[in-house]
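Listed below are the residues making up each chain.
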Amino acid sequence: MRALVIDDERLARKELINLLSQFDQVEVVGEANNVDDAKEKIESLLPDVVFLDIQMPEKTGFDLLEELDNVPHVIFTTAYDEYALKAFQVNALDYLLKPVEQKRLGEAIERLQKKLSETSERQAEVTAAHQNKKLTLDDQVFVKDGDRCWFVKLSNVRLFESDGNYIKVYFDNNKPMIHKSLNALDERLDEKSFFRASRKHIINLSWVEAIEPWFNGGLVVTLKGGDRIEVSRRQAARFKDMMSL
């Protein structure tokens, strides 16, 4: 398991790296002392897991997750237990209080191993997706809206909707807003799984339930759950090609 340790305190990083060295199944591929450094190393080293401090100068661990296009597994390491509830709201893999205990670290690594083994059959596909810089249904993203945060697997996102300078992300019963343009997102998503229906919408093709003709040669797509999205006339022909044999 490739691990990256992120903490602004040098001694805290060294202590955790020393603890991790006692686990043969973990390889520490790097360390970072701030969010910008961490973002660069995550994108170049592609770790399976990041051990992430939350409270750091200038930008927090949550800020880092918000900036990433693709989020690896996350184990939070922090002295601030008031963040615990928030960490679990974003479905972090685990949450370790400093000073980190060897036993608790072992439990976290065991949980990580189990999680990785569940997805091992898809690892080759996921790695290829990383190399192609496209986000697939197997990838997860971090979504932050105010004080609420989520890790969301893209297979669970049925729709992206443009709203001014923001995008509304539809998954489960949630519709949080992220500060990003639909054009920029469209370039990052795998075109085999996501379709730009119009200037305002990108749909997850695996959620399409019904298609019907609409005005001026357009289409209306009904997604599982009932969302109805209009496909522009310009995109309708391409959509039909993608959805037919």
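Cut-off values and rules
Residues numbered from 1 in each chain as written. Predicted model: local features only at pLDDT ≥ 70, side-chain atom pairs only at ≥ 80, totals over all residues. Heavy atoms only, no water. Salt bridge = Lys/Arg side-chain N within 4 Å of Asp/Glu carboxyl O. Helix = DSSP H or I, 4+ residues; strand = E, 2+ residues; numbered from the N terminus. Pairing = 2+ DSSP bridges. Contact = heavy atoms within 4.5 Å. Axes fitted to C-alpha atoms, helices over the stretch in contact; angles between N-to-C directions.

With an unreviewed UniProt entry as reference, the protein chain is termed LytTR family two component transcriptional regulator, source organism Cecembia rubra.

Asker: I tried to follow the pattern of salt bridges on my own but got confused; where do I start?
Answerer: Where charged atoms from two side chains of opposite charge approach closely, those side chains can pair. The final tally for this structure, using the stated rule, is 16 salt bridges. In this structure, Asp37 and Lys41 form a salt bridge, with 3.5 Å as the shortest nitrogen-oxygen distance. Here the residue Asp37 and the residue Lys41 both occupy positions in helix α2 (residues 35-45), the gap between them amounting to 4 residues, near one helical turn. Among the ionic pairs, Lys39 bridges to Glu67, the shortest N-O distance being 3.9 Å. In this pair, Lys39 is assigned in helix α2 and Glu67 in helix α3 (residues 61-67), connecting sequence segments 28 residues apart. A single network of salt bridges, built from pairs that share partners, joins Asp36, Lys39, Lys59 and Glu67.

Asker: How do you make sense of the sheet that holds strand β8 (residues 157-163) when you look at a structure like this?
Answerer: The strands making up a sheet associate through hydrogen bonds between their backbones, and the pairing can be parallel or antiparallel. Taken in spatial order, the 5 strands line up as β10-β9-β8-β12-β11 in an open sheet, and their pairing is antiparallel. Two strands bound the open sheet, and with one partner strand each, they are β10 (177-178) and β11 (194-196). Judged from the 6 bridges that link them, β8 and strand β9 (residues 166-171) form a sheet pairing that is antiparallel. Opposite Val157, over in β9, you have Phe171 as the bridge partner. On top of the sheet, helix α8 (residues 233-243) reaches β11 and β12 (201-204); it is set at about 160° to β11, its chief contact.

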